[in-house]
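Coordinate analysis (summary)
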Amino acid sequence: MEKASFPHRHILGMAELGRAEIELILETAASMKEILSRPIKKVPTLRGKTIVHLFFEPSTRTRISFEMAAKRLSADTVSVTASASSVVKGETLIDTAKNLEAMAPDIIVLRHPFSGAAHLLTRHVRASVINAGDGTHEHPTQALLDLLTIREEKGNIKGLKVAIVGDITHSRVAHSNILALSKLGAEVWVSGPATMIPPGIERLGARVTYKIEEALAGADVIMALRIQKERQGRDLIPSLREYARVFGLTPERVSLAAKDCIIMHPGPMNRGVEISPEVADGPYSVILDQVTNGVAVRMAILYLLLGGSREAVA
Amino acid sequence: MRLLLKGGRIIDPSVALDMEGDLLIEEGQIRAIDREIPADEGLEVIDCRQKVILPGLIDIHVHLREPGEEYKETIETGTLAAVAGGFTAVCTMPNTKPPNDCAAVTKFIRDRAREQGHCRVYPVAAITVGQRGKRLTEFADLKEAGAVALSDDGHPVADAFLMRLALEYSRNFNLPIISHAEELALSAGGQMNEGALSTLLGLKGIPKAAEEVAIFRDISLAALTGAPIHIAHVSTKGACEIIRRAKEAGVPVTAETAPHYFSLTEEAVAGYNTLAKVNPPLRTEEDREAIIEALAEGVIDVIATDHAPHSVLEKEVEFAQAACGLIGLETALPLTLRLVRRGIINWLRMAELLSLNPARILSLPGGQLRPGSPADITVIDPELSWRVTPEGLKSRSKNSPFLGWEMKGAAILTLVRGRVAFKR
Ligand SMILES: [Zn+2]
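Residues numbered from 1 in each chain as written. Chains lettered and ligands numbered in written order. Predicted model: local features only at pLDDT ≥ 70, side-chain atom pairs only at ≥ 80, totals over all residues. Heavy atoms only, no water.

**Side note on helix α10 (residues 285–297) of chain B**
It helps to recall that an α-helix has 3.6 residues per turn; residues three or four apart then point in one direction. Between its terminal C-alpha atoms α10(B) stretches 18 Å, which fits the 18 Å expected from 13 residues at 1.5 Å a residue. Positive backbone phi, approximately 90°, marks B:G298, located one or two places after α10(B). (Helix = DSSP H or I, 4+ residues; strand = E, 2+ residues; numbered from the N terminus. Expected span 1.5 Å × (residues − 1).)

The structure is reproduced here in structure tokens:
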């Protein structure tokens, strides 16, 4: 039995993952995907393991993807949704975690509105922690499923030009993707309204341009991000109409990209704002492949964190 | 009680005195300073060889949390931490519960300090009622009750006109205004210094401009009104520049910084370390170096701790939920001594920053060692090595980003009015 050698106990962010570990996750995900194509999409690999999905922020898509991944590997799952709005001095997170400890979970998957919540959780539980999105910090499994999707379409990531467009400041998906893609040798460009481009984003590995056309020119991959006009009670852009007109991914703008470019979006989309319906549902869109790959990547991570054997998957 | 401090290095910045000698204390006052004072009968002699004798340190920016949040700190525990850190006097900020915005609260603090305090406690009262920034407090009443300065620390006065009124009115009572400089529209929701690290951590940043814009406004108002303004906890290079230029232009401005701003950078926040969450936030290496330079050159006049105790309830939570502030009374001295050891400031300048200037700016007794002045004295062992641990700290709260640090130098004897308030 060959043990997968995954050196981390938690998946907190792409910042903590090295290149080799990312490659290992992607390779494992590729073999998980094979399971998903079988008539009976279930293996006994994680039988007897308990995985808790602890969601302080509603996200049906991410939660279902994680749950499905756990079920495909025969793990027992518990779903806990809590409201962070009723959090008094943050006691809820730690208290909930301590109560969950009594169930002796092997993995806790945490979605939380505050950056660093997953880090905090690791100090209070014995279980492995997977960050399923924390504040505006990171969403590593989304970045990993994006990497898998890009690799399937393009064969390789090194040397690709990737344009990420939209609200970079508030997008944990963007942050994780910039870190991951630049680690794997892609050239990452970000663009959007200057009010949505955070300071120091270059240090994460991105190149900034305020001309969206420059970001899109010759791009192999275009990632559109969801736009919310209002953040923290203030409008960061004058109107969604203006956003769509100046920054929206229209067929004309997409035509600036490489001929075989792919269009990605972490969902849920505002059709007609950051992405026009023709582009969202057009031939270049791989948005639905992203969803499928989400399950495979999450299976891979669960499997690697619990130190499963390779043969169990075969 | 009669005390003879024998054979120490005596520092008095008020007359640029730096000499080896003896210091005699009688009836709570300094009686004599000389190369050699004979020890007659009935005199308690304390060997001060290899030790440094300073005018008692004065911290003009602390939060003692009483009344209202005694689980974090009380006047008793806070002043115990103060004397253990070498401070003989502290000025306590008004953001208590209720806030110190009327004579009754000021008087309560004075009374409590007299009964339970280990050092002198001077209340700083609020500029506006409830620190709400709407209406001025009764400056005359507050002054009579014992307030030594006015500040809405933690809740900057957003209304520039009201700040102008406060500065004008303060002239009638010789009550300096202390500015917590923060432009709230720029800092709103901020958790740490704005920059690449805040982006990486996904924490909303506070730009340096939030501090600098506010300092610029308050300096302009000081120039307009002629009233002195004291800028609290300076943290940026730009702020040092603005203050430098204002001083050159003759505006009556003074400024303080805190040891964490010249000892740490924003990197201390990495890993979501809430112990390093403070307002204004820890900045960059460039700012840290500029602050050190400003301390050496006289642009910044005072080192104050902004001692802000918080219990584990406020700190062991998500970063965004955590309270701002760290305790500083017991680490200020060794952190400042690092600057002395590196030759950036000398002992005289250190005594100026920690004692003479605080006394002068707020017209407090102390800051000097002269025959006839009150025997508020700090004796330091500059070579004493110690480690910062929660158990070793006297403060009721343990929220220090310096936990685990190896420190060099500590107060070994703190005298308040000639009485031993702390001895190591
Ligand atoms: Zn303040």
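**Some words on the layout of surface pockets**
Residue and element names in this part refer to chain B. Reported here for the second largest pocket is a volume of approximately 620 Å³. Lining the second largest pocket are 27 residues, and of these R65, N95, H310, A323 and C324 sit closest to its centre. Its residues assigned to classes, the lining of the second largest pocket shows seven nonpolar, 12 polar and eight charged. (1 Å grid on protein atoms, 1.4 Å probe; cavity = no way out; pocket = protein on both sides within 12 Å on 5 of 7 lines; lining within 4 Å. Points joined across faces, edges and corners; volume = space filled by probe spheres on them. Nonpolar A, V, L, I, M, F, W, Y, C, P; charged D, E, K, R; others polar.)

**Quick word on the coordination of the zinc ion**
All names here are of chain B. Here the zinc ion is held by the protein donor atoms D153 (OD), H180 (ND1) and H233 (NE2), which lie 1.8 to 2.2 Å from it. In primary sequence terms, the donor set of the zinc ion follows D-x26-H-x52-H. Here H233 lies in the loop between β13 (229–231) and α8 (237–248) and D153 lies in the loop between β9 (149–151) and α4 (160–170), a separation of 80 residues in the sequence. For H233, a relative accessible area of 2% puts it in the buried group. (Donors = N, O, S within 2.8 Å, 3.2 Å for Na, K, Ca; no water. Buried < 20%, exposed > 50% of the residue type's maximum accessible area, 1.4 Å probe, protein only.)

**What about the side chain of B:E330?**
Residues and elements named next belong to chain B. Tracing the sequence through the fold places E330 in the loop between α11 (312–315) and α12 (332–341). At 2.8 Å, the side chain of E330 forms a polar contact with the backbone nitrogen of K394. One polar contact links the side chain of E330 to the main-chain amide nitrogen of S395, over a distance of 3.1 Å. For E330, the contacting residues outside a window of four places in its chain are A81, A84, G85, W386, G392, L393, K394 and S395. (Polar contact = N/O pair within 3.5 Å; in protein donor to acceptor, adjacent residues only side chain to side chain. Contact = heavy atoms within 4.5 Å.)

**Section: the nonpolar core**
Within the largest apolar cluster, 97 residues are counted, with the highest numbers of intra-cluster contacts made by B:L54, B:V90, B:V234, B:W347 and B:M350. Here this core spans two domains, and each of domain 1 (2–52 + 373–423) and domain 2 (56–361) of chain B adds at least three residues to it. Leaving out residues up to four positions away in the same chain, B:M350 has contacts with B:L54, B:L333, B:T336, B:L337, B:V340, B:I345 and B:I380. Counting residues in each nonpolar core, the second largest holds 66 residues, with A:F6, A:I11, A:M14 and A:I164 among its members. (Core = buried A, V, L, I, M, F, W, Y, C linked by side-chain atoms within 4.5 Å. Domains from an automatic or database assignment.)

**Focus: the UniProt feature "active site" (unreviewed entry) in chain B**
Residues and elements named next belong to chain B. As recorded in UniProt, the sites labelled "active site" (unreviewed entry) are D306. Counting through the fold element by element, D306 comes out in the loop between β15 (302–303) and α11. Beyond its immediate stretch of four places on either side in the chain, D306 contacts H61, H63, D153, H233, N279 and L326. (UniProt positions renumbered as here; feature names shortened; annotations may be inferred.)

**Overview of the sheet that holds strand β14 (residues 253–257) of chain B**
Residue and element names in this part refer to chain B. The eight strands are arranged β6-β7-β8-β9-β10-β13-β14-β15 in an open sheet whose pairing can be described as parallel. Looking along the sheet, the strands with just one partner apiece sit at the ends: β6 (57–62) and β15. Both strand β7 (residues 87–92) and strand β8 (residues 120–125) contribute to a ladder of four bridges, which runs parallel. Directly across from V90, in β8, lies its bridge partner V121. Where α8 meets the sheet, its contacts fall on β13 and β14, and the angle it forms with β14 comes to roughly 150°. Its contacts with the sheet put helix α13 (residues 347–361) on β6, β7, β13, β14 and β15, and the angle it makes with β6 is roughly 65°. (Pairing = 2+ DSSP bridges. Axes fitted to C-alpha atoms, helices over the stretch in contact; angles between N-to-C directions.)

**Digging into the side chain of B:T254**
Its location among the elements puts B:T254 in strand β14. Judged by relative accessible area, B:T254 falls into the buried class, the value being 19%.

**A word on the pairing of β6(B)**
Counted residue by residue, β6(B) has six buried out of six residues, so it is predominantly covered. This β-α-β element, β6(B) to helix α1 (residues 75–84) of chain B to β7(B), shows right-handed connectivity. (Right-handed = clockwise from strand over helix to strand, strands pointing away.)

**Section: the packing of helix α5 (residues 140–154) of chain A against helix α11 (residues 287–305) of chain A**
For any two helices packed against each other, one specifies the crossing angle of their axes together with the interaxial distance. Residues and elements named next belong to chain A. Running from N to C, α5 and α11 cross one another at 115°; their axes reach a closest spacing of 8 Å. Crossing angle aside, the handedness with which α5 passes α11 is right-handed. Along its contact with α5, which presents T141, Q142, L144, L145, D146, L148, T149 and E152, the element α11 presents D289, Q290, N293, G294, A296, V297, R298 and I301. When its residues are assigned to classes, the contact of α5 with α11 shows six nonpolar, six polar and four charged. (Left-handed = near helix turned anticlockwise from the far one by under 90°.)

**What to know about the domain arrangement of chain A**
Residue and element names in this part refer to chain A. Parsing chain A into structural domains produces domain 1 (10–138 + 292–308) and domain 2 (140–287). Taking the mean C-alpha position of each, domain 1 and domain 2 sit 25 Å from one another. Contacts between the two partners involve 34 residues from domain 1, matched on the other side by 23 residues from domain 2. Roughly 2,300 Å² is buried in total at the junction of domain 1 and domain 2, and carbon and sulfur atoms are behind 62% of that figure. In terms of surface lost to domain 2, no three residues of domain 1 exceed M14, L26 and T136, which account for 26% of the buried area on that side. At the surface where domain 1 touches domain 2, the tally comes to three salt bridges. The residue R151 makes a salt bridge to E23 at a minimum N-O spacing of 2.8 Å. (Buried area = accessible area lost by both parts, 1.4 Å probe. Salt bridge = Lys/Arg side-chain N within 4 Å of Asp/Glu carboxyl O.)

**Topic: the UniProt feature "binding site: L-aspartate" (unreviewed entry) in chain A**
Residues and elements named next belong to chain A. The UniProt entry lists K89, R172 and R226 under the feature "binding site: L-aspartate" (unreviewed entry), expressed in the numbering used here. Among the residues just listed, K89 line the second largest pocket. Mapped onto the fold, R226 is located in the loop between β8 (221–224) and β9 (230–231). The contacts of R226, once residues within four sequence positions are left out, are D167, H265, P268, M269, N270 and E274. Engagement of the side chain of R226 in a polar contact is seen with the backbone oxygen of P268, the distance being 3.0 Å.

**Some points on the domain arrangement of chain B**
All names here are of chain B. Here chain B is described as being made up of domain 1 (2–52 + 373–423) and domain 2 (56–361). Each of domain 1 and domain 2 has a C-alpha centre, and these two points are 26 Å apart. Contacts between the two partners involve 41 residues from domain 1 and, on the opposite side, 48 residues from domain 2. At the boundary of domain 1 with domain 2, total buried surface from both sides reaches about 3,400 Å², with 67% on carbon and sulfur atoms. A salt bridge links D376 to R120; the shortest N-O distance between them is 2.5 Å. Those elements that provide at least two residues to the side of domain 1 that touches domain 2 are β1 (2–12), β2 (17–26), β16 (377–387), β17 (406–416) and β18 (419–423). The residue makeup of the side of domain 1 that touches domain 2, split by class, is 23 nonpolar, nine polar and nine charged.

**Quick look at the UniProt feature "binding site: substrate" (unreviewed entry) in chain B**
All names here are of chain B. UniProt marks H63, L64, R65, N95, N279 and H310 with the feature "binding site: substrate" (unreviewed entry), using the numbering shown here. Those annotated residues from the list above that line the largest cavity are N279. Contact partners of H63, with chain neighbours within four places excluded, come to T92, M93, N95, D153, D306, H307, A308 and P309. Residue placement: R65 occurs in the loop between β6 and α1. Filtering out sequence-adjacent residues up to four positions away, R65 remains in contact with E70, K72, E73, N95, T96, A308, P309 and H310. There is a polar contact of 2.9 Å between the side chain of R65 and the backbone oxygen of P309.

**Some remarks on the interface of chain B and chain A**
On the chain A side, the residues contacting the 20 residues of chain B number 27 residues. Each partner contributes to the roughly 1,900 Å² buried at the junction of chain B and chain A, and carbon and sulfur atoms together form 58% of this total. The largest per-residue losses of area from chain B upon contact with chain A belong to B:T199, B:Y272 and B:E318, which jointly make up 32% of the total buried on that side. Connecting chain B to chain A are one salt bridge. Among the ionic pairs, B:E316 bridges to A:R123, the shortest N-O distance being 3.8 Å. Across the chain B-chain A interface, the total number found is six residue pairs in polar contact (both at pLDDT 80 or more). Those elements that place two or more of their residues in the side of chain B that touches chain A are α6 (196–201) and α11 of chain B. Here the side of chain B that touches chain A gets four residues from one element, more than from any other, and that element is α6(B). Classifying every residue of the side of chain B that touches chain A by side-chain character gives 10 nonpolar, five polar and five charged.

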